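Topology and contacts: notes
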Amino acid sequence: MTEWVLKAEGLSKGFTLHLQGGVCIPVLRDAGLVVKAGECVALSGPSGAGKSTLMRLLQGNYGADSGAILVRQADGGVADLATASPRAINALRRETIGHVSQFLRVIPRVPALEVVAAPLIARGMPREEALARAQALLRRLNLPDRLHGLPPATFSGGEQQRVNLARGFVADFPLMLLDEPTASLDAANREVVIALIAEAKARGAALVGIFHDLEVRERVADRVVEVAPLREAA
Amino acid sequence: MMPDDEPILSARGLSLSFGAVRALDEVSVDLWPGEVLAIVGESGSGKSTLLRALAGEMRPDAGRVAYRDASGQDLDVHSMGEPALRRLARTEWGFVRQDARDGLRMGVSAGGNVGERLMAVGARHYGDIRAEAARWLERVEINPDRIDDRPGQFSGGMRQRLQIARTLVTRPRLVFMDEPTGGLDVSVQARLLDLIRGLVSDLGIAVALVTHDIAAARLLAHRLVVMRHGRVVEEGLTDRVLDDPRHPYTQLLVSSVLAA
């Protein structure tokens, strides 16, 4: 039996909007998810059901109101992201949790190649080696060499997404979170992403994704987990 | 235990009143080696007062600031005495002021401004000092040909970059920054922020950064402290505080920013 890499349980998340008279919006209640090494789990559910909120909780971007998000690190240690300190979360993001979002948060003046190599350099890989790996992955994602030295601010949506994908896949993270990784890609690049996901599974990574492209989902996901909207309760 | 598991700077229960105004009200913060901590809040929130109290420039009515020096010794910032504090400010610390004129010597050349800090830590060879100063001017994107010009002949953005070179040339372990991009044009700010981001991560410096610019805090900081009326109202991982703010004031602060 393969061990789990991610085990989230009893997760609740709501938002209290103080500027709107303190109205409370519950989004998740008692949500849970277990993902094993080598497995890709797709989150499904109607828009607004809380898929993105769950992904943000798993990344530490949102704080859970209750519950646990256990993550097994490469060294076998288990951390609870729901209660981890900010420094521990930064360390988990550096070593354990990779993330591909829909949109690249552009840093002014930093070239695409550096953006992609950054996760490797943060882990202590020598700069030259990190840049070489970044370049190889950008080429594989068909981003023309002439763009590698430019900041992605002026790139098209699809080009930015490929930079984002390369940044997410460049390091061998034990856990990968993919939010619509193929949203603005053409067919050829979609195939590259499907191959990257298959390779990540083969090396034993656990993946969680939101895939609106049903064909992609069919091909990469081992299981689909339904995120159901909360009924008006309580 | 690894030394990085202990804060380099640790403040507990800092309070300071100016007459009836509580500028600092029971403030506690920690800063770890290599970490950038942003202190945000509006004018009058106490953020600049906190920075000055952390750096020993302003004595709190109550509370303690401990600094762990390069040899691993814990020092009480407010009881070590002026000479020891000045030595620290010259060697292991740096301070980047909002107004570069407060951080530079305006009557001295650009090269002199950078070289002076080197001499303060024992550099003596004129040629080496000048060469190192030229390297640093280049690093902060100032043409080394301007090495003999005085800061008064520089633009605001250049002056601020010169102040950063002067501060970082001695490779301090801890740098305080007070609104380093305040008062500059937006295009100049972006360049400066990127420069600071690169240098801080290359050199592995701990930074306590005061800013009212939420976007700058998101770009630079690992952790965020939100201050209001002299108190810390919220703190945590930068992107979590900005994307999932809990306190009413933080929600107001974040919602007031265009696309932070």
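Residues numbered from 1 in each chain as written. Chains lettered and ligands numbered in written order. Predicted model: local features only at pLDDT ≥ 70, side-chain atom pairs only at ≥ 80, totals over all residues. Heavy atoms only, no water.

Before going further, it helps to examine the pattern of salt bridges. Counting across every chain of the model gives 37 salt bridges over all chains. Its salt-bridge partner being B:Arg135, residue B:Glu132 comes within 2.5 Å of it at the nearest N-O pair. Residue B:Glu132 and its partner B:Arg135 are both found in helix H5 (residues 126–139); the two are separated by 3 residues, about one turn of the helix. Residues participating in the shared-partner salt-bridge network are A:Lys13, A:Asp65, B:Asp244 and B:Arg246. (Salt bridge = Lys/Arg side-chain N within 4 Å of Asp/Glu carboxyl O. Helix = DSSP H or I, 4+ residues; strand = E, 2+ residues; numbered from the N terminus.)

Owing to its 3.6 residues per turn, the α-helix brings residues three or four apart onto one side. Residue and element names in this part refer to chain A. Taking burial as the measure, the 9 residues of helix H1 (residues 51–59) include 7 buried ones, the bulk of the element. For H1, the complete set of buried residues consists of Lys51, Thr53, Leu54, Met55, Leu57, Leu58 and Gln59. At the exit of H1 stands glycine 60, carrying a positive phi of roughly 85 degrees. (Buried < 20%, exposed > 50% of the residue type's maximum accessible area, 1.4 Å probe, protein only.)

Right, let's get into the interface of chain A and chain B. Listed as interface residues are 24 residues of chain A and, on the opposing side, 25 residues of chain B. For the chain A face of the interface with chain B, the top three residues by lost area are A:Leu19, A:Arg87 and A:Arg109, together amounting to 30%. The tally of links from chain A across to chain B stands at 5 salt bridges. Linking chain A with chain B are 12 residue pairs in polar contact (both at pLDDT 80 or more), by the criterion used here. For the side of chain A that touches chain B, the secondary structure elements donating two or more residues are strand S1 (4–17) and helix H2 (86–95) of chain A. Sorting elements by how many residues they give to the side of chain A that touches chain B places H2(A) first, with 5 residues. Split by residue class, the side of chain A that touches chain B holds 11 nonpolar, 6 polar and 7 charged. (Contact = heavy atoms within 4.5 Å. Buried area = accessible area lost by both parts, 1.4 Å probe. Polar contact = N/O pair within 3.5 Å; in protein donor to acceptor, adjacent residues only side chain to side chain. Nonpolar A, V, L, I, M, F, W, Y, C, P; charged D, E, K, R; others polar.)

Residues and elements named next belong to chain B. Looking at chain direction, strand S1 (residues 9–18) and strand S4 (residues 62–68) are connected through 5 bridges and run antiparallel. Note that in S4 the partner of serine 15 across the bridge is alanine 62. The pairing of S4 with strand S5 (residues 74–76) spans 3 bridges and is classified as antiparallel. Bridging across to S5, alanine 66 finds its partner in aspartate 76. Between the antiparallel neighbours S4 and S5 lie 5 residues, among them glycine 72 with a positive phi of about 90 degrees. (Pairing = 2+ DSSP bridges.)

What follows is about the domain arrangement of chain B. Residues and elements named next belong to chain B. Taken domain by domain, chain B holds domain 1 (3–92 + 173–255) and domain 2 (105–171). The straight-line distance from the C-alpha centre of domain 1 to that of domain 2 is 25 Å. Taken together, the contact between domain 1 and domain 2 spans 16 residues of the former and 16 residues of the latter. Contact between domain 1 and domain 2 buries roughly 1400 Å² in total, counting both sides, with carbon and sulfur atoms accounting for 66%. Between the two partners, domain 1 and domain 2, sit 0 salt bridges. Put simply, the parts of the chain that give the side of domain 1 that touches domain 2 at least two residues each are helix H2 (82–91) and helix H7 (186–203). Among the elements that line the side of domain 1 that touches domain 2, the one with the most residues is H7, at 8 residues. Its residues assigned to classes, the side of domain 1 that touches domain 2 comprises 11 nonpolar, 1 polar and 4 charged. (Domains from an automatic or database assignment.)

It is worth spelling out the packing of aromatic side chains at this point. Residues and elements named next belong to chain B. Using the criterion set out here, one finds 4 aromatic pairs over all chains in the structure. A centroid spacing of 5.2 Å and a plane angle of 85 degrees characterise the contact between tyrosine 67 and tryptophan 93, whose relative ring orientation is edge-to-face. Of this pair, tyrosine 67 sits in strand S4 while tryptophan 93 sits in strand S6 (residues 93–96); the two residues are 26 residues apart in sequence, bridging distant segments of the chain. Residue tyrosine 67 is classed as buried on the basis of its relative accessible area of 0%. Exposure remark for tryptophan 93: the relative accessible area of 3% places this residue in the buried category. Each ring, one from tryptophan 93 and one from phenylalanine 176, has its centre 5.2 Å from the other, and the planes form 75 degrees; the classification is edge-to-face. Here tryptophan 93 is found in strand S6, whereas its partner phenylalanine 176 is found in strand S7 (residues 174–178), with 83 residues between them in sequence. (Phe/Tyr/Trp six-rings, centres within 6.5 Å; stacked < 30°, edge-to-face > 60°.)

The next thing to look at is the environment of B:Val254. Residue and element names in this part refer to chain B. Here valine 254 is to be found in helix H10 (residues 248–255). On the basis of relative accessible area, valine 254 is assigned to the partly exposed category, the value being 21%. For the pair formed by valine 254 and alanine 215, sequence separation is 39 residues and the distance between their alpha carbons is 9.8 Å. Setting aside its immediate chain neighbours within four residues, valine 254 contacts Val241, Leu242 and Pro245.

Our focus in this paragraph is the sheet that holds strand S6 (residues 97–100) of chain A. Paired through their backbone hydrogen bonds, the strands of a sheet run either parallel or antiparallel. Residues and elements named next belong to chain A. The strand order across the open sheet built from 5 strands is S6-S7-S8-S3-S9, with neighbouring strands paired in parallel fashion. Edge positions in the sheet fall to S6 and strand S9 (223–226), since each of these pairs with one other strand and no more. The sheet shows a mean angle of 20 degrees between the axes of neighbouring strands, direction not considered. Two strands pair when backbone bridges link them, and S6 and strand S7 (residues 175–179) are joined in this way by 4 bridges, in the parallel orientation. Note on S7: the bridge partner recorded for valine 100 is leucine 178. Against the sheet, helix H7 (residues 187–202) contacts strand S3 (40–44), S7 and strand S8 (206–210), and its axis sits at roughly 150 degrees relative to S8. (Axes fitted to C-alpha atoms, helices over the stretch in contact; angles between N-to-C directions.)

Residues and elements named next belong to chain B. As for its position among the elements, glutamate 92 is in the loop between H2 and S6. A polar contact of 3.1 Å, which involves the side chain of glutamate 92, links it to the backbone nitrogen of alanine 70. Among residues more than four places away in sequence, those in contact with glutamate 92 are Tyr67, Asp69, Ala70, Pro172, Arg173 and Leu174.

This next bit is on the sheet that holds strand S2 (residues 21–31) of chain B. All names here are of chain B. Taken in spatial order, the 4 strands of this open sheet run S2-S1-S4-S5, and their pairing is antiparallel. If you trace the sheet from one side to the other, it starts and ends with S2 and S5, each paired once. For this sheet, the mean angle separating the axes of adjacent strands, direction not counted, is 25 degrees. Packed on one face of the sheet, helix H1 (residues 47–54) meets S1, S2 and S4 and runs near 125 degrees to S1.

Residue and element names in this part refer to chain A. Running from N to C, helix H3 (residues 112–122) and helix H6 (residues 157–169) point in directions that differ by 25 degrees, and their axes come no closer than 7 Å. By the criterion of interaxial angle, the relationship of H3 to H6 is roughly parallel. Read as a crossing pair, H3 and H6 show a hand that is right-handed. In this structure, H3 contributes Ala112, Val115, Val116, Ala118 and Pro119 to the contact, and H6 contributes Val163, Ala166 and Arg167. Among the residues making up the contact of H3 with H6, the classes are represented as 7 nonpolar, no polar and 1 charged. (Parallel < 35°, antiparallel > 145°, perpendicular 65-115°, else oblique. Left-handed = near helix turned anticlockwise from the far one by under 90°.)

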